[in-house]
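Below, each chain spelled out in residue letters.
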Amino acid sequence: RRGDAAEITIEDNGPGVPEDKRAAIFDPYVTSKKSGTGLGLTIVRKVVIDHGGEVEVDAAPLGGARFRIRLPLLGTAESDAALAQSDTAPVSATA
């Protein structure tokens, strides 16, 4: 818990994310891998933002990447706003 938010931290000891690439890592189709679509972190960011939260990446103490996800606790102004927005969002039907 961090104030009015729950925080999840994920760290690894891999190669990390170079500082000059961090701003774009959540953009669609950005990847450093030979396979994959580069959509995974874009989807994560969208889900977190839709729930009134935020996600960021920086360097982990072990040299790898550290991702932090913060989501508002139930009953905060941010969580209430996210819930209200989801209640009014149009639902799309798939054929």
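Structure shown above.
Residues numbered from 1 in each chain as written. Predicted model: local features only at pLDDT ≥ 70, side-chain atom pairs only at ≥ 80, totals over all residues. Heavy atoms only, no water.

Asker: Which residues make up the environment of T31, and what values do they have?
Answerer: Within the fold, T31 resides in the loop between β1 (5-11) and α1 (40-50). Taking the relative accessible area as the measure of exposure, T31 reaches 42% and is therefore partly exposed. Distance in space between the C-alpha atoms of T31 and L41 is 9.6 Å, their sequence separation being 10 residues. Here K33 takes part through its backbone nitrogen, which lies 3.1 Å from a polar atom of the side chain of T31. (Helix = DSSP H or I, 4+ residues; strand = E, 2+ residues; numbered from the N terminus. Buried < 20%, exposed > 50% of the residue type's maximum accessible area, 1.4 Å probe, protein only. Polar contact = N/O pair within 3.5 Å; in protein donor to acceptor, adjacent residues only side chain to side chain.)

Asker: Residues and numbers for the pairing of strand β2 (residues 54-59), please.
Answerer: Where β2 lies against strand β3 (residues 65-72), 6 bridges are found, and the strand directions are antiparallel. Bridged to D58 within β3 is R66. Turn length for the β2-β3 hairpin, with the two strands adjacent in sequence and antiparallel, is 5 residues, and the turn residue G63 shows positive phi of about 105 degrees. (Pairing = 2+ DSSP bridges.)

Asker: I'd like a rundown of the nonpolar core, residues and numbers included.
Answerer: Grouped together as the largest cluster of nonpolar side chains are 9 residues: V17, I25, F26, V48, V55, V57, A65, F67 and I69. Sorting the residues of this core by element identifies β2 and β3 as the ones contributing at least two each. At 3 residues, the largest contribution of residues to this core is made by β3. Setting aside its immediate chain neighbours within four residues, V17 contacts R22, I25, V57 and A65. (Core = buried A, V, L, I, M, F, W, Y, C linked by side-chain atoms within 4.5 Å. Contact = heavy atoms within 4.5 Å.)

These results come straight from atomic positions and should not be treated as a statement about function.
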